[in-house]
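Understanding the architecture of this molecule
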Amino acid sequence: MKKNFIRLTLSIAVVLYSVTAFSQELKIKGSDTVLPLSQKEAETYMKQNASAKITVIGGGSGVGLAAFIDGTTDIAMASRKIKMSEKLKLQDAGKSYKEVTIAFDALSVIVNPANKVSQLTKEQLEGIFTGKITNWKEVGGDDEKIITYSRESSSGTFEFFKEHVMNGKNYGSAILMMPATGAIVQSVSQTKGAIGYIGLAYLEKNVKDIKVSYDKGKTYVGASMETAKNKTYPIIRPLFYYHLNKDEAKVKPFISYVLSPAGQKVVEEVGYVPLN
Amino acid sequence: MRRFFKKLFEKIIEGILFLSSTVTSLAIVLIVIFLFREGFALFGRSPVEEGFVIAVNNKNPVSEIKASQIKDIFDGKITSWKELGGNIEDIVLFRTDDISNYFSEEELGENLEHVPAKISELINKTPGIIAFIPEKFTENDFAGKIITTDKITAGKFLAEKQWYPTAQPAAQFGALPLILGTLWVSFAAILFALPLGLATAIYMAEIANEKTRRVMKPLIELLAGIPSVVYGFFGLIVIVPLIQKVFNLPVGETGLAGSIVLGIMALPTIITISEDAIRTTPLSMKEASLALGANKWQTIHRVIIPYAISGITAAAILGIGRAVGETMAALMVTGNAAVIPHGLLQPLRTIPATIAAELGEAPQQGLHFKALFALGCILFLMTLGINLLVEYISSKRKNISR
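Residues numbered from 1 in each chain as written. Chains lettered and ligands numbered in written order. Predicted model: local features only at pLDDT ≥ 70, side-chain atom pairs only at ≥ 80, totals over all residues. Heavy atoms only, no water.

**Quick notes on helix H10 (residues 261-270) of chain A**
All names here are of chain A.
- When H10 is considered as a whole, its buried residues turn out to be Gly263, Gln264, Val266 and Val267. Considered in projection along H10, the buried side chains sweep an arc of 145° and stay on one side of the axis. Facing away from the buried side of H10 by over 90 degrees, the exposed positions are Pro261, Lys265 and Glu269.
- Looking at the packing, one finds that the buried side of H10 touches helix H2 (35-48), strand E4 (97-111) and helix H9 (248-259).
- Looking one or two places after H10, you find Gly271, whose phi comes out positive at around 110°. (Buried < 20%, exposed > 50% of the residue type's maximum accessible area, 1.4 Å probe, protein only. Helix = DSSP H or I, 4+ residues; strand = E, 2+ residues; numbered from the N terminus. Arc of directions from axis to C-beta. Contact = heavy atoms within 4.5 Å.)

**Quick word on the packing of helix H7 (residues 176-207) of chain B against helix H14 (residues 351-358) of chain B**
All names here are of chain B.
- Packing of H7 against H14 leaves a shortest axis separation of 8 Å and a crossing angle of 125°. Compared by their axis directions, H7 and H14 come out oblique. Residue-level contacts link Leu178, Ile179 and Thr182 of H7 to Ile351, Pro352 and Thr354 of H14. (Axes fitted to C-alpha atoms, helices over the stretch in contact; angles between N-to-C directions. Parallel < 35°, antiparallel > 145°, perpendicular 65-115°, else oblique.)

**Observations regarding the nonpolar core**
All names here are of chain B.
- Residues Leu42, Phe157, Trp163, Phe173, Ile351 and Leu375 are the most contacted members of the largest nonpolar core, which totals 39 residues.
- Elements represented by at least two residues in this core include exactly H7, helix H10 (255-279), helix H12 (296-325) and helix H15 (367-401).
- No other element matches H15, which puts 14 residues into this core.
- Setting aside anything within four residues of it in sequence, one finds Leu375 in contact with Phe157, Trp163, Ala175, Leu178, Ile351, Thr354 and Ile355. (Core = buried A, V, L, I, M, F, W, Y, C linked by side-chain atoms within 4.5 Å.)

**Some thoughts on the sheet that holds strand E1 (residues 52-56) of chain B**
Residue and element names in this part refer to chain B.
- Overall, mixed pairing links the 4 strands, which are arranged E2-E3-E1-E4 in an open sheet. One side of each edge strand has no neighbouring strand; the edge strands of this open sheet are strand E2 (92-95) and strand E4 (145-146).
- Pairing geometry for E2 and strand E3 (residues 129-134), over 4 bridges, is parallel. Within E3, the residue paired with Val92 across the bridge is Ile129.
- Seen against the sheet, helix H2 (residues 67-74) touches E1, E2 and E3 and runs at an angle of roughly 95° to E2.
- Across the sheet, helix H5 (residues 115-125) touches E1, E2 and E3, and the angle it forms with E3 is around 165°. (Pairing = 2+ DSSP bridges.)

In structure tokens form, the structure reads like this:
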């Protein structure tokens, strides 16, 4: 009885020791856009390296970078570049960091399949989403009211579209906000005058994607994996990992895996655009 | 001995009951205090993001700009200082991140140590500039002038019409469209649900035979058990396109779609409570009516409904309460456009939907976070008012029955 007890205690101690000694837990926190990608990458990585332990948490780019500045996460994932104010906070704390681009995300602008319009310039998109252009006939379509659909203000996609397409101007107040990308696709497919924006991965046959021009109408490019890969499609954003220079050794194996051909294959599987 | 244990046992049970009721009441009071403390912290604060200031050139005569004007300036709607009572000078927008457009990386220093000085220099040499910069840049040797803005007050929160909680540099917290949206949807929901619910309740209590009742009752109770997100999904896929077709609207996500879905959700409450009220009509009254030669419909119409009216009113009000607080279904079918609704055939945004959609990403303790709590306070006061009304009406009923 006593022998058994000692054996048990010993084995527990050994297990505990090995857990603390061999598995260095890696924490990744941030953007909900990058979340599904990081989860899949971590899953495949842990399958190959049984000793590795990675925790991936969402919450938004801002939340991730705030945790990064506080030192409560090893890697911050972000769907936007680090802001000047955040850089200054890191500088105040005396921390130097590294930025790694892990993939790209393209946003496609979608309309109802019955809509005649098939291409828009950046300026027209800005006018539509700020509420200046309200009828499709102003951009070469039928006499039909434009119904704009957007994601909720909490989403990183909302911010990206605002910064990138609308020059930081605010959305018009009549804009319809949907809680999820799937809801935007559903609504656009059943509303004749609708326009919305979604991640490339969500593009479906029941909606029509719009060709976009960023050079005042000279060239129009449609969103697809090819145009996103060769960077001719303009509404595209890099997805980032941020880590401290002093954590280099700890995060290196995982980040190199993400950047490796196997890791980049995962990127494409999840629906984002690989680096090359 | 046995009696002693019996007594002890009773005391223990009493103690447990007392403790659980105290804990529950205390928890409720604490939640309410917490809600109001967080919500009221919004008022008296500047709408400009915390830790940041808005600065202009020192020679600029403008020294105060309203929060709504700041938004229009940064949206490019106001482009000249003249519109703000200043000189005839174009407004030059500047955000901290724009610094790299004006200076090279070497000029800013390896660790960005020269940024404050360079911004100060830029503001000094650009007469039309309006700059949105961190407060700490203005601490020493700052060449510009810091603009003051009007503070957020409870009156403005309730009366203003723009809801842009994440607008930079100055957020706009006008809750009026949200309050009106909530009221419109809730009252319209009751307009649908009350006649239908009342008819069902009368049928079940007075007309249906025992067999039908035994099938219907569980069905209606099942309606109460369906998760609200399922109702929302049903609304988005079925009711929204239907409304769009029937009324030939440009968009189907409207207040009407919300009211229909919320009306269906309020039905079980209305039916169960008014059926109970109808059933409490004393048999003697019914029999008296029938004995006087009144037929079944006359009895229902003249005797039973007047007797049960306070219970039916309570049912209607509780139904409104259910609709006022409903989150997920409203979020999915009303379109969530923060505009003042002028009718039910327009998209609108409700308070619960706003809180549910925005709280997840609002930075904790920030202005947006507090504003959502203030919205919660308004919602709480609405439902509290509704509950007090129910209390009042049911107390009236007791007086009648005496």
